[in-house]
Amino acid sequence: MPELIDILIARYNYWVVICLMMIGLYAMMAKNNLIKKIIGMSIFQTAVILFYVSIATKHDASIPIIGHGHNGHHAIHAADYMNPLPHVLMLTAIVVSVATLGVALALAVKAYQQHDTLEEDEIIEQLKTEYLSQ
Amino acid sequence: MSAQFPALIIVVPLLTAIVVNIAGWVRKSFCFPLALAALTVSFLSAIGLMGRVMAEGDVIYRMAGWDPPWGIALHIDHLNGIILILISLVAILNMIAYRRAVADQLTNRLGAFYSLYLLFVIGLMGIVITGDTFNLYVLLEISSLSGYALLGMGGGRATLSSLQYLFLGTIGASFYLLGIGYLYIVTGSLNMADIAGILPTLESVSVIKVSFILCIVGLFIKMALFPLHTWLPNAYSHAPNPAASLIAPLTTKVMIYVMIRLILTVYQPDFTFIQMEIAELVQWVAVIAIVAGSVLAYKQNKLKRMLAYIIVVEVGYMVGGFWLGNAAGMTGAVLHILNDAMMTLCVFLAAGAVMSRVQFDKFEHLQGLFAKMPFTMIAFVVGALSIIGVPPTCGFFSKWYLISGGINAGHYAFVAALIISSLVNVLLFFRVIEIGYFEPFNTHNGHNHHPKPPMQEASLDMLVPLMITAGLLIAMGIYAHSLVTRFIEPAVLPSLLGSL
């Protein structure tokens, strides 16, 4: 049992990511309001971004900026600096998730204009009656 | 010039997508020629590239001259060369066919439509051409986002369907991204060729397994494999015709290509089929997908919705065939990617042509169509025969490879599912053909003579691409053997040698 707790504590960043992902998934599946679903989607994507950010960290490491990099000829130890690549990747992924959020909100606004409601079951009900009356 | 082909394929339509949007405000008549010109450049570059690959072997294009693994490389071999040609060809044919319909229906959103159209095609071509796993994610989202917007353009029921597609599509893409993250933890690289070199030397297999499962599940959602297919029928059947017949042939097929690329190039076949121990499971999922998709397709009473469920069945064919893990099954899966894109385009174009004349929603409205629109219906019949798998058309040959792959692997349930679904397809399409051919248009009760309805064919710019597509179905059937030996076997066989 103590080993298990050690593992839980040592890998706490992964557990945070997993919890956030599950919260996001739950909101997307169980919530009826379209905006709440969109918020869930955003949480889900943020969890993946946090995962990438957390894998870049190292113990006792500095930010990936090399001081006096231009004039010094001293050797640089990669272990002294965090890995900048996942952060750079996540800049792109954040842009992607913002774009997804924008498209999703635009579609939700359009659905609201058409149906005067954001509750998914009410929209489906309206679509059904519309379909039967055709 | 020819050295820059890989960049031209993506850059020209990308820049034109911006210009087209501006042209939509200035002068609407510029939009179509501009977009068509950009896609033609892509198409010709893709053909040129394929020529180079055949003559010199794989082409690796270094973006801005940076070598991989630091720079981003575009990698073209036999497999994605032929799929690049396919994507640009489908996009061009569809764009010409719906020129008039788009100009009539989306008059004040013309610039936006063509801009999204180009972005969608660029996204897919980028996915196919890139040699970098993270780049693949970004391009996947470019094509998905423009796809959501295109499908949502229909208004009415399309809005909610498109939003539901967006939720599931985002989950799929995020799973893929997470899988790539796990791969990055153990390899420290994002370049596909680089990862392929590092993976066999690693010992922490469980992380690789997790990453593999996350990537593949993400792709299964994106390609609408059966239990994860729920977004597809609504999204495709409520969408406007020009968008649906672009997205339906291409999205699922490109996602299957990504799965094949990951398995053949990144993870290697012997890891996938021997160490993972999930091949059997995936084959059974594919069998269920084929049978369930056929049953669901049979229950539909609207043409476009029935065609959407047929796509679910076809995804089952390709996934099942590929996961059989032998050369015949893989060849059949890759050949079926090409064939299925063309035949889906053919039947969706024919449905669009019919809908441009008859405002139909259900099968009853198809009565007497053979007298009214003979050429459209001939093309539809060719597409239908190809989906069923009747010999002169291309569908037969890929099914032949898939079935022989199933027999080689001893997986008779897959073979049986293929044959049953072909029989169900016969029922599906002959129901449509029977209504169109034998049931007369406007039945007058008590009158025995029906005046022959006047011919009301679809407009010529719709009919010509439709005829070309139908002709290609037969031509691809006749030249199926050289397609396989020239393009597909060089792509599939080398990665199978030495393993398995």
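Residue numbering note: each chain is counted from 1, following its sequence as written. Each chain takes a letter, starting from A, and each ligand takes a number, starting from 1, following the order in which they are written. Reporting of local features is limited, given that this is a predicted model, to residues whose pLDDT is at least 70; pairs of side-chain atoms are given and counted only at 80 or more, and all residues count toward the totals for whole chains, interfaces and linings. Excluded from the side-chain calculation are hydrogens and water; included are all heavy atoms of the structure.

Here we look at the overall build of chain A
Part 1 of the reasoning: Per the secondary structure count, chain A includes 5 helices and 0 strands.
Part 2 of the reasoning: Just to be clear, the radius of gyration here is over C-alpha atoms, and the globule rule we use is 2.2 Å times residues to the power 0.38. Compactness check: chain A gives a C-alpha radius of gyration of 23 Å against a globular reference of 14 Å for 134 residues, more than 25% above the reference.
Part 3 of the reasoning: Principal-axis analysis of the C-alpha atoms gives chain A an extent of 80 × 50 × 15 Å.
Part 4 of the reasoning: Between buried and exposed lies partly exposed: a residue is buried under 20% and exposed over 50% of the maximum accessible area for its type, with that area taken using a 1.4 Å probe on protein chains only. For chain A, with 134 residues in total, the buried portion stands at 28%.
Part 5 of the reasoning: The contacts in chain A between residues at least 6 apart in sequence include a share of 52% that link residues at least 24 apart.
Part 6 of the reasoning: For the purpose of charge, His is not counted, nor are the chain termini; Lys and Arg are scored as positive and Asp and Glu as negative. Think of each charge as sitting on NZ of Lys, CZ of Arg, CG of Asp or CD of Glu. For chain A, the centre of its 7 positive side-chain charges and the centre of its 11 negative side-chain charges are spaced 3 Å apart. Comment: elements are numbered from the N terminus, with helices defined as DSSP H or I runs of at least four residues and strands as E runs of at least two. Two residues qualify as a contact provided that any one of their heavy atoms is within 4.5 Å of a heavy atom in the partner residue.

A closer look at unusual backbone geometry
Part 1 of the reasoning: You will see that Asp116 of chain A, though not glycine, has its phi angle at about 60°, which is positive.
Part 2 of the reasoning: Following the sequence through the fold, Asp116 of chain A ends up in the loop between α4 (84–115) and α5 (120–133).
Part 3 of the reasoning: Positive phi, close to 65°, is recorded for Ala224 of chain B, a residue that is not glycine.
Part 4 of the reasoning: By the secondary structure assignment, Ala224 of chain B is in the loop between α9 (205–223) and α10 (231–238).
Part 5 of the reasoning: Overall, the relative accessible area of 0% leaves Ala224 of chain B in the buried class.

Some words on the packing of helix α3 (residues 78–97) of chain B against helix α5 (residues 110–129) of chain B
Residue and element names in this part refer to chain B.
Part 1 of the reasoning: Helix axes use the C-alpha atoms of the stretch in contact, all axes being lines fitted to C-alpha atoms, and the angles between their N-to-C directions lie in the range 0 to 180 degrees. Interaxial distance between α3 and α5 falls to 9 Å at its minimum, and their mutual angle equals 170°. As judged from the angle between their axes, α3 and α5 are roughly antiparallel. On α5, the residues touching Asn80, Ile83, Leu84, Ile87, Ser88, Ala91, Asn94 and Met95 of α3 are Tyr114, Tyr117, Val121, Leu124, Met125, Val128 and Ile129.
Part 2 of the reasoning: When residue character is reported, Ala, Val, Leu, Ile, Met, Phe, Trp, Tyr, Cys and Pro are called nonpolar, Asp, Glu, Lys and Arg charged, and the others, Gly included, polar. Split into classes, the residues belonging to the contact of α3 with α5 amount to 12 nonpolar, 3 polar and no charged. Between 65 and 115 degrees an angle is taken as roughly perpendicular, under 35 as roughly parallel, over 145 as roughly antiparallel, and anywhere else as oblique.

Some remarks on the layout of surface pockets
Part 1 of the reasoning: Looking at the largest pocket, its volume works out to about 960 Å³.
Part 2 of the reasoning: Cavity: a set of points on a 1 Å grid over the protein atoms alone where a 1.4 Å probe fits but cannot get out. Pocket: an open set with protein on both sides within 12 Å along at least five of seven lines, its lining residues, like those of a cavity, having an atom within 4 Å of a point. What lines the largest pocket is a set of 38 residues, among which Ala239, Asn241, Lys304, Met355 and Gln359 of chain B lie closest to the centre.
Part 3 of the reasoning: Contributions of two or more residues to the lining of the largest pocket are made by α5 of chain A together with α4 (99–105), α7 (157–187), α10, α11 (241–267), α14 (303–323) and α15 (327–357) of chain B.
Part 4 of the reasoning: Residues of the lining of the largest pocket, tallied by class, amount to 16 nonpolar, 12 polar and 10 charged. Grid points are joined across faces, edges and corners, and a volume is the space filled by probe spheres set on the points.

What to know about the packing of aromatic side chains
Residue and element names in this part refer to chain B.
Part 1 of the reasoning: Centres within 6.5 Å make a pair out of two Phe, Tyr or Trp rings, where for Trp the six-membered ring is used; the pair is then stacked when the planes are under 30 degrees apart, edge-to-face when over 60, and tilted otherwise. With the rule as written, the count across this model stands at 20 aromatic pairs over all chains.
Part 2 of the reasoning: Ring centres 5.7 Å apart and planes at 75° place the aromatic pair Phe273 and Trp323 in the edge-to-face group. Note that Phe273 is positioned in helix α12 (residues 269–275) and Trp323 in helix α14, a separation of 50 residues in sequence.
Part 3 of the reasoning: The class for Trp323 is buried, based on a relative accessible area of 0%.
Part 4 of the reasoning: Here, over-ring charges are defined by two tests on the NZ atom of lysine or the CZ atom of arginine: distance to the ring centre within 6 Å, and angle to the ring normal within 35 degrees. The side chain of Arg431 reaches across the aromatic face of Tyr298, ending 5.0 Å from its centre.

Let's talk about the pairing of strand β1 (residues 59–62) of chain B
For a regular strand, the rule is simple: side chains alternate between the two faces of the sheet.
Residues and elements named next belong to chain B.
Part 1 of the reasoning: Residues of β1 alternate between two faces, with Val59 and Tyr61 buried on one and Ile60 and Arg62 left unburied on the opposite face.
Part 2 of the reasoning: For two strands to pair, DSSP has to find at least two bridges joining them. Bridge count between β1 and strand β2 (residues 73–76): 4 bridges; the pairing is antiparallel. For Arg62, the partnering residue across the bridge sits in β2 and is Ala73.

Let's talk about the confidence of the model for chain B
Residues and elements named next belong to chain B.
Part 1 of the reasoning: pLDDT is a per-residue confidence score from the predictor, ranging from 0 to 100. Confidence in the prediction of chain B, expressed as mean pLDDT, is 86, and 95% of residues score 70 or more.
Part 2 of the reasoning: Model confidence for chain B, summarised as mean pLDDT per element, is weakest for helix α16 (residues 369–372) at 76 and strongest for helix α6 (residues 133–152) at 92.
Part 3 of the reasoning: In this model, residues 443–447 is a region of pLDDT below 50 whose contacts with residues beyond four sequence positions or in other chains number 2 contacts.

A look at the packing of helix α1 (residues 5–26) of chain B against α5 of chain B
Residues and elements named next belong to chain B.
Part 1 of the reasoning: At a minimum axis distance of 8 Å, the contact between α1 and α5 shows a crossing angle of 165°. For the element pair α1 / α5, the angle class is roughly antiparallel. Seen along the crossing, α1 lies across α5 with a hand that is left-handed. The residues of α5 that touch α1, namely those facing Pro6, Ile9, Ile10, Pro13, Leu14, Thr16, Ala17, Val20, Asn21 and Gly24, are Gly111, Ala112, Tyr114, Ser115, Leu118, Leu119, Ile122, Met125, Gly126 and Ile129.
Part 2 of the reasoning: For the contact of α1 with α5, the class distribution of residues is 14 nonpolar, 6 polar and no charged. In this scheme the crossing of two helices becomes right-handed for a clockwise turn of the near helix relative to the far one and left-handed for an anticlockwise turn of less than a right angle.

Overview of the pattern of salt bridges
All names here are of chain B.
Part 1 of the reasoning: Salt-bridge detection follows one rule: a side-chain nitrogen of Lys or Arg within 4 Å of a carboxyl oxygen of Asp or Glu. The full count for this structure, using the stated rule, is 7 salt bridges over all chains.
Part 2 of the reasoning: As a salt-bridge pair, Asp67 and Arg62 come within 2.4 Å of each other at their nearest N and O atoms.
Part 3 of the reasoning: On the accessibility criterion, Asp67 (43% relative accessible area) is partly exposed.
Part 4 of the reasoning: Asp77 is the partner of Arg261 in a salt bridge, and the nearest nitrogen-oxygen pair spans 3.1 Å.

Brief notes about the interface of chain A and chain B
Part 1 of the reasoning: Contacts between the two partners involve 38 residues from chain A and, on the opposite side, 33 residues from chain B.
Part 2 of the reasoning: With both sides pooled, the region where chain A packs onto chain B buries about 3,000 Å², and carbon together with sulfur makes up 77% of that total.
Part 3 of the reasoning: Values labelled buried area give the accessible surface lost by two parts on being combined, using a 1.4 Å probe and summing over both. The largest share of the area that chain A buries against chain B comes from Tyr52, Leu107 and Tyr131 of chain A, three residues that together contribute 17% of it.
Part 4 of the reasoning: At the level of secondary structure, the elements contributing two or more residues to the side of chain A that touches chain B comprise α2 (12–30), α3 (34–55), α4 and α5 of chain A.

Comments concerning the side chain of Asp132 of chain B
All names here are of chain B.
Part 1 of the reasoning: Secondary-structure assignment places Asp132 in the loop between α5 and α6.
Part 2 of the reasoning: No salt bridge is formed by the buried Asp132; its nearest oppositely charged neighbour, Arg261, is found at 12 Å.
Part 3 of the reasoning: Pairing of N or O atoms within 3.5 Å defines a polar contact, subject to two protein rules: one partner must be a possible hydrogen donor and the other a possible acceptor, and residues neighboring in sequence count only if both atoms are side-chain atoms. Within the structure, Asp132 has its side chain in polar contact with the backbone nitrogen of Asn135 (distance 3.0 Å).
Part 4 of the reasoning: The residues contacting Asp132, other than those within four sequence positions of it, are Ile72, Ala73, Leu190, Asn191 and Met192.

A closer look at the environment of Ser54 of chain A
All names here are of chain A.
Part 1 of the reasoning: For Ser54, the position within the fold is in helix α3.
Part 2 of the reasoning: The buried category is assigned to Ser54, whose relative accessible area is 16%.
Part 3 of the reasoning: Counting along the chain gives 37 residues from Ser54 to Val17, while the straight-line C-alpha distance between them is 9.4 Å.

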